[in-house]
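# Examination of the molecular architecture
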Amino acid sequence: MLALSDTQATALLKNILSEFAGRHEHVEQFFRKRFLQVNLYLETDILPSPERQMLIGAHFTNEYSVEAAALFNPSIVPHPDQSGMADGELRFILSLRATGEGHISSVTFRTGTVNAAQVITLTPPVPFVMEPERAPNAAYTKGLFLHKLEEAGVPNDFCRRVPRQAA
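Residues numbered from 1 in each chain as written. Predicted model: local features only at pLDDT ≥ 70, side-chain atom pairs only at ≥ 80, totals over all residues. Heavy atoms only, no water.

### Description of the packing of aromatic side chains
Here the structure, examined in full by the defined rule, presents two aromatic pairs. Clustering of aromatic rings is evident, with ring pairs tying together F20, F30 and F31. (Phe/Tyr/Trp six-rings, centres within 6.5 Å; stacked < 30°, edge-to-face > 60°.)

Here it is in structure tokens:
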């Protein structure tokens, strides 16, 4: 990437961005972030231009479809927010095991409703998936966690019992 002319690098980046833009949200920001992760391995002291940084980041990115192979092992629970639902209707959260390329598994979630006639409607999934930010060795304060549960409006019996048992 460093050996390309500026014209070649700009043209190549333009092609990559046009190819990825419809499938990924904030793709330029993602490529820049990936560049920062690999920059220490570059054998140069010269900081490439922002465009070349994105191009390098793009080449160290592996596009992956988390649901390419299968969706299975469904589990369903009532959604904590039932506001706006008519009598006999229930909003739910559905978790699924998603198997992607290379048969790597992850968990994916959907929401939906079931009405009094037992007709199930799934909310369309979001069009973009992003890799989560990792928090290594994260520590959580029990009191703050309980406060956040209250703020989120999920103070149910389960949420009250579990922290007491974990003490």
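Don't stop here, the text continues.
### A look at the pattern of salt bridges
Enumeration over the complete set of coordinates arrives at six salt bridges. A salt bridge links R32 to E28; its shortest N-O distance comes to 3.6 Å. Placement of both R32 and E28 in helix α2 (residues 27-38) is noted, with a separation of four residues, approximately one turn of the helix. Taking relative accessible area as the criterion, R32 reaches 35% and is therefore assigned partly exposed. Of the charged contacts, one joins E67 and R110 as a salt bridge, the two residues approaching to 3.0 Å between their closest N and O atoms. Remark: R110 occurs in strand β3 (residues 105-114) and E67 occurs in the loop between α3 (50-59) and β1 (70-78); sequence separation between them is 43 residues. (Salt bridge = Lys/Arg side-chain N within 4 Å of Asp/Glu carboxyl O. Helix = DSSP H or I, 4+ residues; strand = E, 2+ residues; numbered from the N terminus. Buried < 20%, exposed > 50% of the residue type's maximum accessible area, 1.4 Å probe, protein only.)

### Some thoughts on the nonpolar core
One finds A9, L13, I16, L17, F20, V27, F31, M54, L55 and A58 forming the largest nonpolar core, which totals 10 residues. If you list the elements that add at least two residues to this core, you get α1 (6-20), α2 and α3. Counting residues per element, this core draws most heavily on α1, at five residues. For M54, the contacting residues outside a window of four places in its chain are L13, E28, F31 and R32. (Core = buried A, V, L, I, M, F, W, Y, C linked by side-chain atoms within 4.5 Å. Contact = heavy atoms within 4.5 Å.)

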